[in-house]
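Geometric and topological summary
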Amino acid sequence: MKISLRDITIDYDHLRAIDNLSLEFNAGEIHAIVGENGAGKSSLMSVLYGLNLNYSGKIIFNDNEVFWSSPRDAIQHGIGMVHQHFMLIDELTVLENIILGYEPDDALGFINFEKIQPEINALLKLYDINMNLNELVMNLSVAQRQMVEIIKLLYRNAKVLILDEPTAVLTPNETEMFFKTLRNFRLEKKIIILITHKIDEVMVISDHVSILRNGKLINSSKLKQTTKIKIEEQIVGKKLPKLNIKRGIIERKKVLEVESLKISTRFSHNQPIDLFIQKGEIIGIAGVSGNGQNELIEAILGVRKVLGGSIKYLQEDITYKSTRHRRIKGISFIPQDRRKDGLAIKSKVWENAININLNDKKFSIGPFLKKKSIKNYANQLINEFSIKVDSPNSSVITMSGGNMQKLVVARELSNNFPLIIIENPTWGIDVGSIAFIHQKILDMKARGAAILLVSNELDEIDVLADSALVMYEGKISNRIPKDIKFRENIASKMLSGIHFK
Amino acid sequence: MQSKSFLKIFRPTIEIFYAFFSIFILIFLLLYLADANFSLAFKGFVNSSVGGRNNAYLFSTFSKMALISGMAIAALVAFRGGLFNIGGEGQLVVGGFACAFTGLLVSDFGFIGIIISIISGMLAGATWALISGFLTIYMGVPLLVGSLLLNYPARFITSYLVNHPFRDIQSGLPQTFLLPKNVWLPYFPNTRLDLGILIIFLVYVICLIIFYNTKHGYYSKNMGHSLSYVKLSGLPTKKIVFKTLALSGAIAGIVGSIAVLGIHHRFTDGMLVQPLYAWTGIIAALLVNLNLWFIPLAGFFFAAIYTGAAGMERIAQVPKEIATVIQAVIILFVVGKLGSLSNLSSNKGVKDD
């Protein structure tokens, strides 16, 4: 079995997304496709699974030229994709989700669950997947949900599995389990196409790697014939700058002080929370997402109810102050979900270049906007943070994820506020943007900002933080100092959880 | 490959042809059922929407257009901020009554009286809208529900007021006394079109300025696009909500005032409810995809359809019910077509506002 793309070209209005690209995918191979955001990975895949019909070129599947009229058509011919955002219904069971849309019903429209359950169980056994079919999807972890999406494709008899950033939501442990399953697919001669940003994982799991840049295929070769450094350079198109880590001075001046804080969350039995951040210091909060990090940030920002304790910002008690008050006083915030919390993505770039500083005389007089100077300011940010966008008048929604994130970072850091709260700043963005954003965060530290960095990526905390705390089920650990065993210490607390302190 | 390129080229043409064909058949069937003369009906439709002696019908379309556009702006102002204020009707009625009532009190002041009456209509409309905002923010009543439910008290309270305490008993109808002529909105020279349309135009221009050049317009737009972003950014959410609702309600109040001072010269029970101005306004706002620039066009379209259908009834003896169904068919057709067009254009990233 083999599927090939021949001379694929995709043109959007005035943009060539894919330029005369040919690729081959073989059975029993894990084929990684890597590239920066906007390199054309998604466009290419959308052709393969029948979403994009406006392309020129050919798809050859088992020596026949094929044309899918829709994703449903593609899946009927054995090609399925798992998206980054899952398409599951929380209120249904795993089994119901799996068969949804392809129900094995009889002439009267009744579904024979008794008959289908053993069939799916056999599938699970074949690939050594552990899953309770009668559990409600809402009770599953993210990793399990992802597995449900994959089982869905297996049930529909997919021979080609396209996986879009599958490990972005997984912990190191879960990733390992996931790779085990992928290897089982490989044994069963499936074609596995893995779209990813994480080069380390490409090195571990893939057999073949193809690098895309600006819609062109830069290189496609067996993994053995290339190296990590080569791949990275091919992705970016130049050598990556090394992070310039200025250690700076940490002053013994507490910018943020959280004392015996109790927040209304499902973890409230594990509180209170204590922590402080000093001037010029980056405190990392590690832990698997969903262990109360988000709730802590919301409490600090004043959008979640505080039940007790206090939050002090530069000696001022802000526990019960409004979000507006806190932000104006000098708290910057870079949220994880840039599309929902960080930007108004349907608004224009210039409208997103300012928010809390709109009252600045530079940007408004009385009730009126000074549009021109806001646009100039936006232009300034675009240049300074090398954001790729047509103009300040473009809609944010037209930008790639990495550039959206750069816009958020640019807006929040340019205020030069004393306290910066950052939540997974590099989630799902490309290598080049990650390096850039990391450097900007370090620069802010060198300028004396106090930074709270919540991250699910151990690497990120390892590179940036001066010391770290681990959150587990709402509980927060003692400070873990940055020493030789920094990573190990964090990792062990992440796993042991309850036993720390 | 072959079938693909064939589809690509001919699909839009076939679609449009098909749509025209089906609407034509539908209307023909309806007219056939009603036993009406097709060409006479068509003539009646066109003549009474844009024709008439001395363009009289065109002016009546304009006068309707002012009211519908006004209500469309009122709805749009709120919708743009993500506030689903569908209580335009209540705000309109309350504004209309307040204006009629004040008009009677200040009728001696002439021009100043007109201004005072309109302002009181605005205040009443804004207050009514603010009540639903208050219920949403402090009581947790969803705005959609609160604003809708407030339509009923508005209607029945004013109904009570004109049926009992403020009724012009002589007239025999549930209505207030006729306003003295010096507080009527003046007509354009040699026409029966009052100056209300100018006032709505002024509102339109002011709203354009607010939308695109003020802090409030900026806040409100972003709030409509992402509430959580606005909240987390520390923008003054409550203030934006109340301001937006007050503006929306005040505009509805102005529309009510214009209907009173320009057209009816008194407040009659149900006069602002029956013609469905508020609901038509909401449809018009949605039709143009909340793009304020196109509101006058949408307003004219709906007004013309209404007056045209009425003309069909008058001239071709098409029964009123069938005329209304034809009206609905045309609206659905246009809404469907424009809807798909605007979807296409937003995909291409064309200016969204």
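Turning to the state of the cysteines, a few remarks are in order. Residue and element names in this part refer to chain B. In the structure shown here, the tally under the stated rule is zero disulfides over all chains. Counting only cysteine sulfurs, Cys207 is the nearest neighbor of Cys99, a cysteine outside any disulfide, at a range of 19 Å. Accessibility expressed as a relative area gives 0% for Cys99, which makes it buried.

For residues besides glycine, phi is generally negative; the peptide bonds are generally trans as well. Residues and elements named next belong to chain A. Phi at Asn20 is positive, roughly 45 degrees, even though this residue is not glycine. Within the secondary structure layout, Asn20 lies in strand S2 (residues 15–26). By relative accessible area, Asn20 is classed as partly exposed at 48%. Positive phi is not limited to glycine here, since Asn157 has a value of about 65 degrees. Assignment of secondary structure puts Asn157 in the loop between helix H5 (142–155) and strand S7 (160–164).

The subject of this paragraph is the domain arrangement of chain A. Residue and element names in this part refer to chain A. Split into domains, chain A comes out as domain 1 (2–236) and domain 2 (254–346 + 417–499). For domain 1 and domain 2, the distance between their C-alpha centroids amounts to 34 Å. Each side of the interface is counted separately: domain 1 has seven residues, and domain 2 has nine residues. Approximately 880 Å² of surface area, both sides summed, lies buried where domain 1 meets domain 2, with 61% of it carried by carbon and sulfur atoms. For the interface between domain 1 and domain 2, the tally reads zero salt bridges. Applying the counting rule to domain 1 against domain 2 returns zero residue pairs in polar contact (both at pLDDT 80 or more). Class assignment for the residues of the side of domain 1 that touches domain 2 results in one nonpolar, four polar and two charged.

Cut-offs and rules
Residues numbered from 1 in each chain as written. Chains lettered and ligands numbered in written order. Predicted model: local features only at pLDDT ≥ 70, side-chain atom pairs only at ≥ 80, totals over all residues. Heavy atoms only, no water. Disulfide = S-S within 2.5 Å. Buried < 20%, exposed > 50% of the residue type's maximum accessible area, 1.4 Å probe, protein only. Helix = DSSP H or I, 4+ residues; strand = E, 2+ residues; numbered from the N terminus. Domains from an automatic or database assignment. Contact = heavy atoms within 4.5 Å. Buried area = accessible area lost by both parts, 1.4 Å probe. Salt bridge = Lys/Arg side-chain N within 4 Å of Asp/Glu carboxyl O. Polar contact = N/O pair within 3.5 Å; in protein donor to acceptor, adjacent residues only side chain to side chain. Nonpolar A, V, L, I, M, F, W, Y, C, P; charged D, E, K, R; others polar.

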